[in-house]
Amino acid sequence: MTRTDVPRSGTLPLVNWLSNGGSGWVLGLIPLSLTLWFASMLPPIIAGEVLRVSYSWIPSLDVALAFRVDGLSLVFALLVVGIGTMIVIYAGGYMAGDSQIGRFYLYLFLFMGAMLGLVLADDIMTLFVFWELTSISSYLLIGYKHAYNSSRSAALQALLVTGSGGLALLAGLILVAIAGGSTSISTLIEQGDLVRESALYMPALVLVCIGAFTKSAQFPFQFWLPGAMAAPTPVSAYLHSATMVKAGVFLLARFTPILGETPAWAITLSTFGAITMVLGAYLSVSQVDLKRILAFTTVSSLGTLVMLIGIGGEYAITAMMVFLVVHSLYKGCLFMVAGSIDHETGTRDVTLLGGLRTLMPITFGATVLAALSMSGLPPLLGFVGKELIYEATLDAHELSPILLSAASVVGKVLMIIAAGIVVVVPFTRAQRAKPEAPRVGHEPPLSMWLGPVILGALSLLFGAFPTQLIQPITNSGVAAILNEAVEVEVKLIPSGLTPYFMLSVLTIALGFVGYWFARPTLQRVGNATEGLLEQGPVNSFNAVVNGMQALARWQTRVLQSGYIRNYLRIIVSSVTLLVSYALLTRADFSRVQWLPIGATVLEWVIALAILSGAGLVVTAQKRLNALAGLGLVGYGVTLIFLFFGAPDLVMTQFSIETLSVLLFILVLYRLPVFSSVSSEAERIRDAIVAGAAGLMVTLMVLVTVSGQLERLLTPYFAQNSYPEGRGRNVVNVILVDFRGLDTMGEISVIGVAAIGIVVLLRLRLGGEKNDPETVSTGKEQL
Amino acid sequence: METLMAFVIGGLYAAGLYMMMRRSIVKLVLGLVLIGHAANLLIFTAGRLTREGIPVIPSTNEVLVEPYPDPLPQALILTAIVIGFGVQAFAIVLLKRAYQTVKTDDLDAMNTTDT
């Protein structure tokens, strides 16, 4: 609407073009050039080289900003920048006209940089920093539509889950570094046995797994990923399917040579992976929102990847690498398609959509390719991936080939049904006479179909020629994960009627049968179990968060009561307990003189006078009695100073005691009469606390005076007061000369107190509080 | 003598802390004064008590002659007495103003700013 206000000039068409989707084309050049740059590294990496670069970062901790390009990191880096290119171009069209698109690109590129840093990191601290950056940029992107409460809470949920996983990961990484003696991943890979044989191995494994499982939405942390669909669709396509959620998978792959190849690793990863795979696929078929269907299939695919890493060995890892590429290609494509449908029709609800095949033919073509790849049909790459997965699960003899294969079949069958829902329903179902979608769809602009088409075509191209195009790079990736050269054939045509091929045929058959016949049943069952399986984890998460808030409120209420005496009681009790503990466990009581012998009668009299004065203050019912007791204490203390050679203290204490008693008496009749508001029980409790503190002080003094005192400063003052300070009263010389600045501070305190007193006396408040004008002058007050 | 003082100090601390934990603000201020005395005596006793001599150099001498009491704790206490008085005077005046303004000495009635 403000476009008319822009002054007409030669740049106007350019501005219009940029704000209407052109920005994606321009900014897409950045990831595109990165893609080409990384692609140029393919030949050396395939030849078995490892490119490394390192900058000194925290040399004292031996932490470096180090990067490493090997088969594994290169595959991930190519996915990040390659799919990133499509996403940036797509986002230009999808977000066209969004007034805050600059902020969107900022977050998106922040994420891209973080993700690249993560997959290329060669130091576990570098890796961790980038890991956290991906969590933060994911948070910002999910919460991009910050005006919506649902966006904000989904963003917070994702941040809390991945953030707490990040903390666990940090602890795990530190344990790995301690066990392996280095923070360099390259070094750790060579010294994996050191970590595996360490006593810290199990804690490190558990913590790293928590980090990876939260990030990659593994059971039981899978719930945050569907919530993250509150993000704009380009973000869902990029972060929450193709790249970021695979960070956990990447971590596990990267740490396979360090933590892997043990029974604990294999059982943990394959169990959680298999559960996630089946659960995600099961939940996907009962959804109606296109993005949620895809989100749950993403959960399922991530489970498959984790399971394959758990199975281990060159076949499973090859399957993992191939399926990683398969999934990124088809899922990125399908998410962009879901976004296009939403963008052009105004809804993502599959029950409202229909007949889009003729309206969006290009998009339809890309969707079919992606969905076929997702279903694992030849000749797409998905088929190749599926064959390899079955090969891996059927050969997992150390685990349970039957269970894992059965779980994979169930997962894949449900995936085929989900793929069917995504393609068949919105596109080929007969167009209703009156479309229920808010708008009749049409083909989106070039920027929004180019990405899906390229990704769909790549699925086909790679699927048709996997041996030539995929095998070299996956072999080098597998070599990086297993830390040994491998040669696993990745091929489209199965070698005869192998069990894997038979299982594959069975899956496809079951999938099609299931789609046509079992879908309504599945959806009914899915809806019935929705409360438990879908909402259950979300509710548990909310319960934990609410519980923590309730705990915080409770402890604030208990500790921060707002009553000074409660704070005092807690402080005094804690100090008493801690100091008493230290005294009783460490102090030497052998030389303590327990009995007060050696005091003169007069000293006894003074001591008793002080104590009875204190007793009078405590028990007084009238203010005057309390003041008398206070005077008794003050003058008693003065006498103590007198008897033990402190004339300066005597003079000061005497004059000040007199002054303060006068001051008290001056304001006495303006003071309230003593009120006794505490209950008997409160008084007894306070007396016990105060009595214990007094006892502790007595004990402390007794122990202190029983020891030998090292006088270090006293001889200096005794020697130098006259020669240096020209004063015979050593106390005075200390105060005004040796420690003159302290006395300056003391004088300032008195000055501040005096100013405060004057202000308090002159300030007029109370009745005039509605009239601030009258505050201050107040001469009548004095 | 130090043993006797240890009990006096402990008693003063107990009395002072007990008074500070009362609800009446007047008693809080009285407790503050008692704690001040207790702390001064604690420092004084920790520097050991000597009945003979004072920390003043006789005119016949350039340095202190044994026996003399330690001048260092005395210097510290002197500062503490003066600062303690400043705090006490401020507390008394604040107490008076607070009582004038809110018409209560119950601290529980003062933990809100909306009087």
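Residues numbered from 1 in each chain as written. Chains lettered and ligands numbered in written order. Predicted model: local features only at pLDDT ≥ 70, side-chain atom pairs only at ≥ 80, totals over all residues. Heavy atoms only, no water.

Visitor: Teacher, can you tell me more about the interface of chain A and chain B here?
Guide: For an interface, size is often stated in terms of accessible area lost upon the parts coming together. With 105 residues of chain A at the interface, the matching set in chain B holds 84 residues. Together chain A and chain B conceal approximately 8,600 Å² of surface at their shared face, both sides included; 74% is due to carbon and sulfur atoms. If you sort the residues of chain A by the area they bury against chain B, Phe644(A), Arg728(A) and Leu760(A) come out on top, with a joint share of 8%. Across the contact surface, chain A and chain B share three salt bridges. A salt bridge links Asp686(A) to Arg22(B); its shortest N-O distance comes to 2.9 Å. Taken together, the connections running from chain A to chain B amount to 19 residue pairs in polar contact (both at pLDDT 80 or more). Listed by contribution, the elements that provide at least two residues to the side of chain A that touches chain B are helix H26 (564–586), helix H27 (601–619), helix H28 (623–643), helix H29 (647–668), helix H30 (680–706), helix H31 (714–725), helix H32 (730–738) and helix H33 (740–762) of chain A. It is H30(A) that provides the largest number of residues to the side of chain A that touches chain B, a total of 16 residues. (Contact = heavy atoms within 4.5 Å. Buried area = accessible area lost by both parts, 1.4 Å probe. Salt bridge = Lys/Arg side-chain N within 4 Å of Asp/Glu carboxyl O. Polar contact = N/O pair within 3.5 Å; in protein donor to acceptor, adjacent residues only side chain to side chain. Helix = DSSP H or I, 4+ residues; strand = E, 2+ residues; numbered from the N terminus.)

Visitor: For this particular structure, what's the right way to read a nonpolar patch on the surface?
Guide: All names here are of chain A. A surface patch of nonpolar side chains, amounting to about 470 Å² of accessible area, comprises Leu551, Trp554, Val558, Leu559 and Ile570. Of the residues forming the nonpolar patch, the biggest block, four residues, is contributed by helix H25 (residues 499–559). Within the fold, valine 558 resides in helix H25. Note on valine 558: relative accessible area 45%, which makes it partly exposed. (Patch = residues over 30% accessible without salt bridge, like charges linked within 9 Å, V, L, I, M, F, W, Y side chains within 5 Å. Areas by Shrake-Rupley, 256 points an atom, 1.4 Å probe, with all protein chains shown as cover. Buried < 20%, exposed > 50% of the residue type's maximum accessible area, 1.4 Å probe, protein only.)

Visitor: When you look at the layout of surface pockets in this model, what are you seeing that I'm missing?
Guide: Summary: where empty space remains is shown by rolling a probe the size of a single water molecule over the atoms. Residues and elements named next belong to chain A. Taken as a whole, the largest pocket encloses approximately 630 Å³ of empty space. In this structure, the largest pocket is lined by 28 residues; those nearest its centre are Thr35, Leu78, Gly82, Leu458 and Phe462. If you list the elements that add at least two residues to the lining of the largest pocket, you get helix H2 (29–39), helix H3 (42–46), helix H4 (71–94), helix H17 (313–345), helix H22 (446–464), helix H23 (466–469) and helix H24 (471–482). The greatest single-element share of the lining of the largest pocket, amounting to eight residues, is contributed by H4. Residue composition of the lining of the largest pocket, grouped by class: 23 nonpolar, five polar and no charged. (1 Å grid on protein atoms, 1.4 Å probe; cavity = no way out; pocket = protein on both sides within 12 Å on 5 of 7 lines; lining within 4 Å. Points joined across faces, edges and corners; volume = space filled by probe spheres on them. Nonpolar A, V, L, I, M, F, W, Y, C, P; charged D, E, K, R; others polar.)

So, to be careful, I would describe these as geometric facts and stop short of saying anything about function.
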